[in-house]
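This is what each chain is made of:
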Amino acid sequence: MTLWLSSIIKPKSPMPDYNLSAGNYPGMKYWTEADDGKCLVIRPGRVPWGAILFMEGFIGGLAFAILWPVWHYAPLDRSLFTMMCFPVGIAVLGCFLGPLGQIRTERAKGAILTYDRESEMIRLPRECLSLRKAQILEFRILQECSKPSTSERWTHSLLSRSKARLGDGARELQVVYRNPNVRSATVLRVSWSSLFADVVAALKAAGFAKIKLVEQQPGRSEWKESEI
């Protein structure tokens, strides 16, 4: 009887142990995608001057709010003002040079992903990897500790700026393939932002229909899977 029941009631398969890969997770969009109908290319993008100038204005205003009272109300203690100028100046300079250095580094690495529709070959030059389209099992987005949402699914219609859910942690785009065993490779990494909308739309237009969002649940080690 026990054997008969066990053959009917099968236990649920355990949730895979998802882990984000090690590496830098910048808080900005450092890529651009282009599709001429024959080839899809994801490559390093332009310098985000608007975001840099906004951050510089914010940090500069904050620095002024901190340093001005010291200069104004402690005229006899200029050494304190001088000492405070060093860390504040480093912060302001770092917010300008950091993004520039990130874009420069990404450009030196070359293209991120290319897909040739005619040959149905996908290439990841940074991983020295070339795959046939038939080898691709899915594209997977891992989202670390996302915010709760009333929506049960993150569909393609929710990719607009006004409706996209903001992430609380690292977000990674992986490609899962068979060669011959199931493996995965990292395509893109970001943090504190939901910036994969253009990539998801481009992959869907190229015929990669299976794109999965895997979200880590807040305060738990469980992950929630959903189709995009």
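Residue numbers here run from 1 along each chain, matching the order of that chain's written sequence. Two thresholds apply to this predicted model, a pLDDT of at least 70 for residue-level local features and 80 or more for giving and counting side-chain atom pairs, whereas whole-chain, interface and lining totals are computed over all residues. Heavy atoms throughout the structure, all of them, feed into the side-chain values; hydrogens and water do not.

Caption draft 1: Representation of the pairing of strand β5 (residues 129-132). Exposure classes here rest on a 1.4 Å probe applied to the protein chains alone. A residue is buried below 20% of its type maximum, exposed above 50%, and partly exposed in between. Secondary structure counts use DSSP, requiring at least four H or I residues in a row for a helix and at least two E residues in a row for a strand, with both numbered from the N terminus. Every second residue of β5 is oriented toward a common face, the buried set being Leu129 and Leu131 and the non-buried set Ser130 and Arg132. With 4 bridges joining them, strand β4 (residues 121-124) and β5 adopt antiparallel strand pairing. Note on β5: the bridge partner recorded for Met121 is Arg132. We treat two strands as partners when DSSP finds at least two bridges between them. Two successive antiparallel strands, β4 and β5, enclose a turn made up of 4 residues, where Cys128 displays a positive phi of approximately 55°.

Caption draft 2: Molecular detail of the sheet that holds strand β6 (residues 136-143). With respect to topology, 5 strands assemble into an open sheet ordered β8-β7-β6-β9-β10, the strand pairing being mixed. Each edge of the sheet is formed by a strand with only one pairing partner; in this case those strands are β8 (182-191) and β10 (223-227). Within the sheet, the average angular offset between the axes of one strand and its neighbour, ignoring direction, is 20°. Sheet analysis places β6 next to strand β7 (residues 170-178), joined by 7 bridges and oriented antiparallel. The residue of β7 that forms the bridge with Ile136 is Tyr177. Against the sheet, helix α4 (residues 197-205) makes contact with β6, β7, β8 and β9 (211-216), and its axis sits at roughly 150° relative to β9, the strand it touches most. A fitted line through C-alpha atoms serves as each axis, taken over the contacting stretch for helices, and the angle formed by two N-to-C directions is quoted from 0 to 180°. Here a residue-residue contact requires only that any non-hydrogen atoms of the pair lie within 4.5 Å.

Caption draft 3: Region of interest: the environment of Ser119. Tracing the sequence through the fold places Ser119 in the loop between β3 (113-116) and β4. Taking the C-alpha atoms as reference points, Ser119 and Arg132, separated by 13 residues in sequence, lie 8.2 Å from one another.

Caption draft 4: Summary view of the pattern of salt bridges. What counts as a salt bridge is simple: a side-chain nitrogen of Lys or Arg found within 4 Å of a carboxyl oxygen of Asp or Glu. Applying the stated criterion across every chain yields a total of 8 salt bridges. Glu138 is paired through a salt bridge with Arg140; the nearest N and O atoms lie 3.4 Å apart. Glu138 serves as the salt-bridge partner of Lys210, at 3.9 Å between the closest nitrogen and oxygen. Taken together, the positions of Lys210 in the loop between α4 and β9 and Glu138 in strand β6 put the pair 72 residues apart, joining distant regions of the chain.

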